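What follows is the residue order along each chain.
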Amino acid sequence: MAGRSADDDDRSGTVVTPSAEFPPLDPAEVDALRRVGAQWRTGVPPALPVDPTLDRYRSRPAPGRFSRLAPIALFRPEPGGRGGRDGLVAAEPANRPDSRLGRRLGRVHRAVLGPPLTSAAVLHERMRKLVALPVLSSDLLSSVAYGPEALLTVLVLAGSGALGLALPLSAGLVLLMVTVGISYRQTIPAYPHGAGSYLVAGDNLGVGAGLTAAAGLMLDYVLTVSVSIAAGLHAITSALPGLTPFAVPLGVLVILLLLAGNLRGVRTAGNIFVLPTYAFVVAVLGLLVVGYLRAAGRGFAPVAPPVVPAAEGLGLLLVLRAFASGAVSMTGIEAVSNAVPAFRPTEWRNARTTLAWMVAMLVVLFAGLTLLIHLAGLVPRPDETLLSQLARVTFPTGPWYAVVQATTALILLLAANTAFNDFPRLLFFMARAGHAPRRFLHLGDRLAFGNGLVALSGTAIVVFVAFGGHTEKLIPLYAVGVFLAFTLSQSGMVVHWRRHRDAGWRRRALINGVGAVLSGLVLLTAAVAKFTEGAWVVVVAVPLLVLLFHRIHRHYRNLHAALALQPPPTGGGPGARPPSVAGDPGPPAAVPEHGPGSVEGEELPQELRHLVVVPVVRLNRASMRALAYAVSLGRPTLAVHLAPEDAEADRFREQWRAWGDHVRLETIVSPYRAVIGPLAHYLAALHAAAPELVLTVVVPAVVLRRPWHRLLHSRTEQRLRRALRALPGVVVTSIPVHVVE
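Rules behind the numbers
Residue positions are given per chain, counted from 1 along the sequence in the order it is written. Note on the predicted model: pLDDT of at least 70 is required for a residue's local features to be given, and 80 or more for side-chain atom pairs to be given and counted; whole-chain, interface and lining totals, by contrast, use all residues. Processing note: side-chain calculations cover all non-hydrogen atoms of the structure and skip hydrogens and water entirely. Secondary structure counts use DSSP, requiring at least four H or I residues in a row for a helix and at least two E residues in a row for a strand, with both numbered from the N terminus. Only protein chains enter the calculation, and the probe is 1.4 Å; a residue is then buried if its accessible area is under 20% of its type maximum, exposed if over 50%, and partly exposed in between. The contact rule is simple, with two residues in contact once any of their heavy atoms fall within 4.5 Å. In short, Shrake-Rupley with a 1.4 Å probe defines the accessible areas, and a residue's cover is counted only from the protein chains shown. Any Phe, Tyr or Trp ring, taking Trp's six-membered ring, that has another such ring centre within 6.5 Å forms a pair; planes under 30 degrees apart are called stacked, those over 60 apart edge-to-face, and the others tilted. Charge-over-ring placement is defined geometrically: NZ (Lys) or CZ (Arg) within 6 Å of the ring centre, and within 35 degrees of the ring normal. For every element, the axis is a line fit to its C-alpha atoms; helices are fit only across the contacting stretch, and the angle between N-to-C directions ranges from 0 to 180 degrees. Angle categories are assigned with fixed cut-offs, so that under 35 degrees is roughly parallel, over 145 is roughly antiparallel, 65 to 115 is roughly perpendicular, and the rest are oblique. Helix crossings get a hand from a simple test, with the near helix turned counterclockwise from the far one by less than a right angle marking a left-handed crossing and a clockwise turn marking a right-handed one. Gly falls in the polar group here, along with every residue not listed as nonpolar (Ala, Val, Leu, Ile, Met, Phe, Trp, Tyr, Cys, Pro) or charged (Asp, Glu, Lys, Arg). Pairing between strands is defined by DSSP: at least two bridges between the two strands are required. Salt bridge criterion: a side-chain nitrogen from Lys or Arg within 4 Å of a carboxyl oxygen from Asp or Glu. Only buried Ala, Val, Leu, Ile, Met, Phe, Trp, Tyr and Cys residues count toward a nonpolar core, and they belong to the same one when joined by side-chain atoms within 4.5 Å. Identification of polar contacts relies on pairs of N or O atoms within 3.5 Å, with a donor-acceptor requirement for protein atoms, meaning one able to donate a hydrogen and the other able to accept it, and with residues adjacent in sequence counted only if both atoms are side-chain atoms. The predictor reports its confidence for every residue as pLDDT, a score running from 0 up to 100.

*Asks:* So, the overall build of the protein chain: which residues are in play, and what are the values?
*Replies:* Summing up its helical and strand segments, the protein chain has 25 helices and seven strands in all. When the 741 residues of the protein chain are sorted by exposure, 48% land in the buried category. Excluding contacts between residues fewer than 6 apart, the proportion of contacts in the protein chain whose partners are at least 24 apart in sequence is 78%. Of the roughly 35,700 Å² that the protein chain leaves accessible, carbon and sulfur atoms contribute 63%.

Pasting the structure below:
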């Protein structure tokens, strides 16, 4: 069953490590790198004027005027590095900003999120089963607080007489829960480093199926946050109606608190969510025990529900809608298979055990609550949740009603944490394959995927506010995305078993096949029956997201092709460069071929021909330093001055001659007084006249100590850099000039 080796999983890109942002070169690229390096002609490299290991300093260098941190204190040696060369390791103070504002923000950051963790701590930021259970099951278990109510809310449209169908429909949902749970239990050891629907469907059904599953899961995670927060606030307002007008701002505040908790890291977030989840389970179990004891006292005779007039006829479509609505109780069942790497070793074994516990608890709570609601004769009401009604009937006196409501509200609010755990991990895997922005590969200070967490929080807040925090408006959007992922994942596992044909593969394929069929039926039902109620949003959003993923991947593919090293030809040819100008190295052997989209293609030092350009506004210390730096490079240098009129141009040329005319000067009159545009176009014209040249533009940049002083100056250097960024073959170098006041 676990027939994949660790090497296989590493190759498939399922291992979560901080090094994922720095993918290694493939063998072809390494070969090209060797061939490019073999043709470099740089001569004997001069000795470095400073020891890069910082080991030659006899004493600690004193802090400079612009830096209060001694550079030597920020690094420590790392002897015995790979390749036999010692290296340096940046100490924790090296991460701290040097400005006063940056230090203050850093202290706030550390107070809220905690001190940074080293990359080696990623192995310790794992969860044991008793912590993983509440962290990953909060969404699944909390859904029993609104799943039965969602089912009955649809049935009651046909009148109170249709409520009897809740029991057979609930039995079907229990069968679906067990089947899908067993299916994912098989998936975990087959993909021991993470078995989300995106990976399983993409590995077995193709990239398109994987991206479709990912789109469904992303929508599901966003809705998980919105629905959980909305349901939790509904539980609070059921007990405290006075808080109803403040539901939306309270929901936004809770999402931000969840974001802060998860940014602190996996272990810290796990410790936050342990007690509320277990408290909810104990409270609901106590409710079930007391409720069934009361029902036993009357011989388990159901209480007649209040008469509710029918608003719709009882038909197959309504029954299917009710079944699809009740199926939202299964949201979150995939969480464990997504988060296998977050478990302590042996990861897949602990994950499989945790999933079994979760499904067992879900079946007991869902079936127990549905039957008890039926026995108590309760019907959905707009002003109070069914669970609140059941708690009032079961505990007419004493503090137990408040305990049930408090734990229910707390777990519903925290149930969104399942999405906070899985959404960033999904984006990590997608980014690793090039289907999502690379920034989602980054692990933050606390080894959490901060960019993914922020993206989830921002999107969930928008959805929550847009729907006014109403659970009944959000649930119709819920089932389509999650069951789309379920269907594709289970279908992919059928293909997986057929490919590998391990012992017992037919039985496993049959289980996953049944799960795929049942999930597909729920998906079809939800998409059709709830289309006009809001499911159309998901139906439209999924293909748009898939299209976006393809466009992102195409961009990264083209970028990689443009930047990939190409082995240069061994001899001269039609692409050989012309002889070099004075001061440049000799003629190159040949011009290498370059990948598609590549503009600048120089990969060998002897291929580069330089022209250094220095824009000069006025002759002062800043411009003199820029000119001195440019001339020290030993390359042809040109100074350029833009004047608003002829008189000023003549005056500047006189000053230039007074200086000594050490560098060729070109003056440009800009009668419309623009500077950046004419200069950028002039440089573009220079490059067009000699495309083989690399133009290095050296610009002086005045560095001001106080931030408010920057408002008193035009940021010409930044504007010029932005204007020249699109020009091929142009390099912008800024020479800082520090001003002391």
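*Asks:* Go over the environment of L638, please, and point to the residues and values.
*Replies:* Inspection of the secondary structure assignment puts L638 in strand β4 (residues 637-643). Judged by its relative accessible area of 9%, L638 falls in the buried class. For L638 and L665, which are 27 residues apart along the polypeptide, the C-alpha to C-alpha distance reads 6.1 Å. In this structure, L638 is in contact with L611, V612, V613, V614, V663, R664, E666, Y682 and L686, ignoring residues within four places of it in sequence.

*Asks:* Tell me about the packing of aromatic side chains, and name the residues and values.
*Replies:* Under the definition given, this model contains seven aromatic pairs. Centre to centre, the rings of F483 and F486 are 5.2 Å apart; their planes meet at 80°, and the pair counts as edge-to-face. One end of the pair is F483 and the other is F486, both in helix α19 (residues 478-500) and three residues apart, which spans about a single turn. The exposure classification of F483 matches that of F486, with both residues buried. Taken together, Y184, F483 and F486 form an aromatic cluster joined through their ring pairs. Lying over the aromatic face of Y556, R438 brings its terminal NZ or CZ to 4.7 Å of the ring centre. Across from the ring centre of W497, 5.4 Å away, lies the NZ or CZ of R508, which sits over that ring.

*Asks:* Give a detailed account of the packing of helix α5 (residues 147-155) against helix α6 (residues 166-190), specifying residues and quantitative values.
*Replies:* The relative placement of two packed helices is expressed as an angle between their axes plus a distance between the axes. Relative orientation of the contacting elements α5 and α6 amounts to 140°, with a least axis distance of 11 Å. Considering their axes alone, α5 and α6 lie oblique with respect to each other. Considering the relative orientation of α5 and α6, their crossing is right-handed. Residue-level contacts link L151, L152 and L155 of α5 to A166, L169, S170 and L173 of α6. Of the residues belonging to the contact of α5 with α6, the class tally is six nonpolar, one polar and no charged.

*Asks:* Could you give an account of the packing of helix α16 (residues 417-432) against helix α17 (residues 450-466), with specific residues and numbers?
*Replies:* Between α16 and α17, whose axes approach to 8 Å, the crossing angle comes to 120°. Classified by the angle between their axes, α16 and α17 sit oblique to one another. The element α16 and its partner α17 pack so that their crossing is right-handed. In this structure, α16 uses A419, F420, F423, P424 and L427 to contact α17, whose residues at the interface are G452, L453, A455, L456 and S457. Taken together, the residues that form the contact of α16 with α17 break down as eight nonpolar, two polar and no charged.

*Asks:* Please provide a residue-by-residue account of the environment of N338, values included.
*Replies:* Inspection of the secondary structure assignment puts N338 in helix α12 (residues 335-338). Of the residues examined, N338 reaches a relative accessible area of 8% and is grouped as buried. In sequence terms N338 and G196 are 142 residues apart; their C-alpha atoms lie 4.5 Å from each other.

*Asks:* Can you explain the pairing of strand β3 (residues 609-615)? Please cite residues and give values.
*Replies:* With seven of seven residues buried, β3 lies mostly within the body of the structure. In the sheet, β3 pairs with strand β6 (residues 693-703) via five bridges, with the strands oriented parallel. Its bridge partner lying in β6, L611 is registered against L695. In the sheet, β3 pairs with β4 via four bridges, with the strands oriented parallel. Across the sheet, P615 pairs through a bridge with V640, a residue of β4.

*Asks:* Explain the pattern of salt bridges to me, using residue names and the numbers behind them.
*Replies:* Applying the stated criterion across every chain, the model contains five salt bridges. R381 serves as the salt-bridge partner of E384, at 3.3 Å between the closest nitrogen and oxygen. Using a relative accessible area of 37% as the deciding quantity, one classes R381 as partly exposed. Relative accessible area serves as the criterion here: at 6%, E384 is assigned to the buried category. Look at the salt bridges and you will find they share partners, linking R381, E384 and R392 into a network.

*Asks:* An account of the sheet that holds strand β5 (residues 664-669) is requested, with residue identities and associated values reported.
*Replies:* Taken in spatial order, the five strands line up as β5-β4-β3-β6-β7 in an open sheet, and their pairing is parallel. Edge positions in the sheet fall to β5 and β7 (730-738), since each has one partner strand and no second. Averaged over neighbouring strand pairs, the angle between their axes works out to 30° when direction is ignored. Bridge count between β6 and β7: nine bridges; the pairing is parallel. From the neighbouring strand, V703 faces β7, where its bridge partner is H738. Running at roughly 145° to β4, helix α24 (residues 676-689) makes contact with β3, β4, β5 and β6 of the sheet.

*Asks:* Explain the nonpolar core to me, using residue names and the numbers behind them.
*Replies:* Grouped together as the largest cluster of nonpolar side chains are 146 residues, with contacts concentrated most on L136, L155, V225, I229, F420, M430 and F483. Ranked by residues supplied to this core, first place goes to helix α8 (residues 207-239) with 18 residues. Among all residues touching V225, those that are not within four sequence positions of it are I255, A416, A419, F420, L456 and A460. One finds L642, L683, V697 and V730 within the second-largest nonpolar core, a separate group that totals 19 residues.

*Asks:* Can you lay out the side chain of R321 for me, pointing to particular residues and giving the numbers?
*Replies:* If you trace the backbone, R321 turns up in helix α11 (residues 316-326). Using a relative accessible area of 10% as the deciding quantity, one classes R321 as buried. Among the polar contacts made by the side chain of R321, one reaches the side chain of E312 at a distance of 3.1 Å. Discounting residues that sit within four places of it in the chain, R321 has contacts with V154, L157, E312, T525, A529, K530 and E533.

*Asks:* An account of the confidence of the model for the protein chain is requested, with residue identities and associated values reported.
*Replies:* Where the model shows low pLDDT, its predicted coordinates should not be examined in detail. In this model, the protein chain carries an average pLDDT of 77, and 74% of its residues clear a pLDDT of 70 or more. The secondary-structure element of the protein chain with the lowest mean pLDDT is helix α1 (residues 6-12), recorded at 40, while helix α13 (residues 347-376) shows the highest, at 91. Low pLDDT (under 50) marks residues 1-14, which in the prediction has 24 contacts with non-local residues, meaning those over four places away or in another chain. Low pLDDT, under 50, characterises residues 572-597; the stretch is placed with 58 contacts to residues that sit more than four places away or in other chains.

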